[in-house]
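Analysis of the macromolecular model
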Amino acid sequence: MRRIVIAGNWKMHKTQADSLAFLNGFLPQLEATPEEREVILCAPFTALTTLSKTLHGSRVMIGAQNIHWESSGAYTGEISGEMLTEIGVRYVVVGHSERREYFGDTDETVNLRLKAAQAAGLTPILCVGETKQQRDAGDTETHVVNQIEKGLMGVDQSKLIIAYEPIWAIGTGDTCASEEANRVCWLIRSQLANKDVPIQYGGSVKPGNVDEIMAQPDIDGALVGGASLDPQNFARIINYQ
Ligand SMILES: O=C(CO)COP(=O)(O)O
C-alpha cells in the first residue's frame, strides 16, 4: 500500500515569526484532512526548532533542506543528521535542482547525503528532473534514470521518498502535463526494487492543478514550492479532491 505524502519546500523563505504566523492560518484547515495524507514542512534551518516545538504532537512533520554526509567536522556552513534529529526533524530534501545548480551538488554527493540522512534516522526526499534542453533533446528518460541509478546506489529504499521535479516547471507556472508527469513517475518506479516508495511530483503545483495531478495513478504526492508559502493555498493542496 503506497503512502500519500505532501511536502512544502519553503526554500529560503520565512523567519521564525513568519513560520508561526503561517501555522496560525494553516493548522485549522487540516481538521478534515484524511488521516492517511502525510504532511511535511521543509523549512529553513533557523525556523526548524520553533516549528518542531509548536508542532509537537501534531500531524505535521518537519523537514530540512540539506544535510552533510559527515556526522561532524570542519565543514563551515553545513549541518549534520544528528543536529537535525535532535530538534525533531524527520525528513530532509536531498538533490534539489537548486542545490545541484547553485551549490555544486552532484549525483555522488547526493548519494552520500542520502545515506547520511538514513544513517541518522531521517527519511530523505530525493529530487530528480530534467532541464528544458534535456527535454527538448529527448534526453528526459536517460537523465532521470541516470540520476536515480547513481543517487540510489547503496541507499535503503524502505526509508525514502522521491520527487520528480522537471526543472523547467519549477517556479515558472509552467506545470508538466499531468499524464506526462505520471509517465516519468512510472518510469522512476520501474527502476526501483521497492515499488512502494512514494513518488511525488513537483513544479508549479497549485490549488488549481493539484486535483488533476493527484488523480494520476503513479503520483503519490507533491513537493510544493511557492504555493506552500501561503497557508490557504497549501492547505487547499493538501485537501485535494
Ligand atoms: O522546487 C519546487 C519544490 O521543491 C517547486 O517549486 P514551485 O512549486 O514554486 O514551482
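Since the model is a prediction, treat every value here as computed from it, not as a measurement. (Residues numbered from 1 in each chain as written. Predicted model: local features only at pLDDT ≥ 70, side-chain atom pairs only at ≥ 80, totals over all residues. Heavy atoms only, no water.)

Let us look at the UniProt feature "active site" (unreviewed entry) in the protein. Cross-referencing UniProt, the feature "active site" (unreviewed entry) maps to His96 and Glu165 in the present numbering. Taken together, the annotated residues stretch across 70 residues yet fold into one region, lying no more than 8.4 Å apart by C-alpha. Positionally, histidine 96 belongs in the loop between strand E4 (91-94) and helix H4 (97-102). Judged by its relative accessible area of 5%, histidine 96 is buried. Once residues within four sequence positions are removed from consideration, histidine 96 is found in contact with Asn9, Lys11, Cys127, Glu165 and Ile170. Judged by its relative accessible area of 6%, glutamate 165 falls in the buried class. Not counting chain neighbours up to four residues away, the residues in contact with glutamate 165 comprise His96, Cys127, Val128, Gly129, Glu130, Ile170, Gly202, Gly203 and Leu223. Among the polar contacts made by the side chain of glutamate 165, one reaches the side chain of histidine 96 at a distance of 3.1 Å. (UniProt positions renumbered as here; feature names shortened; annotations may be inferred. Helix = DSSP H or I, 4+ residues; strand = E, 2+ residues; numbered from the N terminus. Buried < 20%, exposed > 50% of the residue type's maximum accessible area, 1.4 Å probe, protein only. Contact = heavy atoms within 4.5 Å. Polar contact = N/O pair within 3.5 Å; in protein donor to acceptor, adjacent residues only side chain to side chain.)

Right, let's talk about the packing of helix H1 (residues 16-26) against helix H10 (residues 231-238) for a bit. Look at H1 against H10: their axes get within 9 Å of each other, and the N-to-C directions meet at 50°. Here H10 runs oblique to H1, going by the angle between their axes. Helix-helix and strand crossings are classified by hand; for H1 and H10 the assignment is right-handed. Across from Phe22, Gly25 and Phe26 in H1, the residues of H10 making contact are Pro231, Phe234, Ala235 and Ile238. Classifying every residue of the contact of H1 with H10 by side-chain character gives six nonpolar, one polar and no charged. (Axes fitted to C-alpha atoms, helices over the stretch in contact; angles between N-to-C directions. Parallel < 35°, antiparallel > 145°, perpendicular 65-115°, else oblique. Left-handed = near helix turned anticlockwise from the far one by under 90°. Nonpolar A, V, L, I, M, F, W, Y, C, P; charged D, E, K, R; others polar.)

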